[in-house]
Amino acid sequence: MNWDDARVFLAVCRESTLRGAARVLGVDQATVGRRINALEKSLSATLFLRTSEGYALTAVGEAALHSVEKMERSALDLERQIQGLDDRLTGIVRVSTTDSLAIDFLIPAIASLHGKHPDVRVQLDASTQILSLAKREADIAVRNTRPDNPDLIARRIARWPVGLFASQAYIERHGSPEPGGLFDGHDLVVYQPYLQTHKDLTLVSEPLGRGRIVAALSSSLLVRRAIAAGLGIGEIPVCTGERDGLVRLWPQRVRPLPYDVWLVTHADLRHTARVRAVIEEIVTAFAGTGE
């Protein structure tokens with residue numbers, strides 16, 4: 001099996017449909033179907049069961065998958081090692097981060113980079129989905145969680161206390177909550193994943209027992225925007241709350257866990273010139289914000 005066939009096989013395994021695999025590979029659906037049929041013919045084996053819900057691996061296909069995944073790892077290792085020796089300040093660097101960090105820090109960093117190295121192009125993915133650096137879905141990640149993969153190099157570039165904020169308009173309408181009052185009579189906005197993972201949700205260690213959760217939002221940027229719009233009180237990094245011109249409540253209180261920002265890249269890519277140039281601009285963008 002050659003690597004091109006292996007890529008098609010993996011795409012169908014992961015997407016379960018020809019259409020999904022075609023989208024990932026950037027080819028048409030008929031091409032994927034022909035390649036799979038040709039692959040099965042060359043191996044004299046049926047790799048997939050065609051069902052109404054998509055393509056499902058047979059026992060032979062399951063065995064093939066393990067070997068093909070090894071091929072993928074070897075191909076990615078080779079690509080990373082070669083690119084790690086590249087000293088040209090040209091080409092694409094893929095960066096993954098959150099929408100909030102992208103707007104406040106990554107876009108200014110890219111603008112600065114472009115002024116110095118116009119042939120380096122940054123492909124920025126801003127979402128809550130964590131892309132895999134090991135699979136070359138991204139070259140650099142800027143996130144608030146540290147990875148545990150030993151092949152990745154992680155550097156903490158900021159540590160921010162997390163405080164309680166509201167807009168001036170909200171304070172004028174509802175006043176400030178009393179510490180210890182469990183947010184009695186107040187509207188609250190929260191980060192949706194916290195609702196799913198924390199049974200006893202708090203904001204800066206204050207239980208929400210008497211407050212009204214009026215919005216649960218899927219990203220930190222949405223939480224910031226909801227607070228700024230006067231929708232309710234929320235918990236965000238002090239750095240971003242001050243940047244947005246919001247009113248900090250109970251300034252003596254912070255969330256027990258600070259908001260850490262980690263810059264992560266693969267060990268094989270950290271010496272690539274264009275990747276190193278992007279990293280330098282990102283680090284500079286965060287400098288002085290709290291480390």
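Residues numbered from 1 in each chain as written. Predicted model: local features only at pLDDT ≥ 70, side-chain atom pairs only at ≥ 80, totals over all residues. Heavy atoms only, no water.

For the protein chain, the name recorded in an unreviewed UniProt entry is LysR family transcriptional regulator, with Pseudomonas asgharzadehiana as its organism.

A. Expanded view of the layout of surface pockets. One number sums up the size of the largest pocket: a volume of about 910 Å³. Elements supplying a minimum of two residues to the lining of the largest pocket: α5 (99–116), β8 (187–191), α7 (192–197), β9 (202–203), α8 (220–228), β12 (234–237) and β14 (259–266). Here the second largest pocket is characterised by a volume of approximately 630 Å³. Every residue lining the second largest pocket is counted, 16 residues in all, and those nearest its centre are Arg7, Arg14, Val24, Glu72 and Lys135. Broken down by secondary-structure element, the contributors of at least two residues to the lining of the second largest pocket are α1 (3–15), α2 (18–25) and α4 (59–83). No other element matches the 6 residues that α1 contributes to the lining of the second largest pocket. Of the residues contributing to the lining of the second largest pocket, the split by class is 7 nonpolar, no polar and 9 charged. (1 Å grid on protein atoms, 1.4 Å probe; cavity = no way out; pocket = protein on both sides within 12 Å on 5 of 7 lines; lining within 4 Å. Points joined across faces, edges and corners; volume = space filled by probe spheres on them. Helix = DSSP H or I, 4+ residues; strand = E, 2+ residues; numbered from the N terminus. Nonpolar A, V, L, I, M, F, W, Y, C, P; charged D, E, K, R; others polar.)

B. Geometry of the packing of α2 against helix α3 (residues 29–43). Look at α2 against α3: their axes get within 8 Å of each other, and the N-to-C directions meet at 105°. By the angle between their directions, the pair α2 and α3 is classed as roughly perpendicular. For the pair formed by α2 and α3, the contact residues are Leu18, Arg19, Ala21, Ala22 and Leu25 on the first element and Gln29, Val32 and Gly33 on the second. A breakdown of the residues in the contact of α2 with α3 according to their chemical character gives 5 nonpolar, 2 polar and 1 charged. (Axes fitted to C-alpha atoms, helices over the stretch in contact; angles between N-to-C directions. Parallel < 35°, antiparallel > 145°, perpendicular 65-115°, else oblique. Contact = heavy atoms within 4.5 Å.)

C. Main features of the sheet that holds strand β3 (residues 91–97). Pairing is mixed across the open sheet formed by 5 strands, whose spatial order is β4-β3-β5-β14-β6. The open sheet terminates on both sides in strands that have one partner only, identified here as β4 (120–126) and β6 (152–160). When the angles between neighbouring strand axes are averaged without regard to direction, this sheet yields 20°. Note: β3 against β4, 7 bridges, orientation parallel. When the bridges of β4 are listed, isoleucine 92 appears paired with arginine 121. Along the sheet face, α5 touches β3, β4, β5 (140–143), β6 and β14 and points at about 175° away from the line of β4. (Pairing = 2+ DSSP bridges.)

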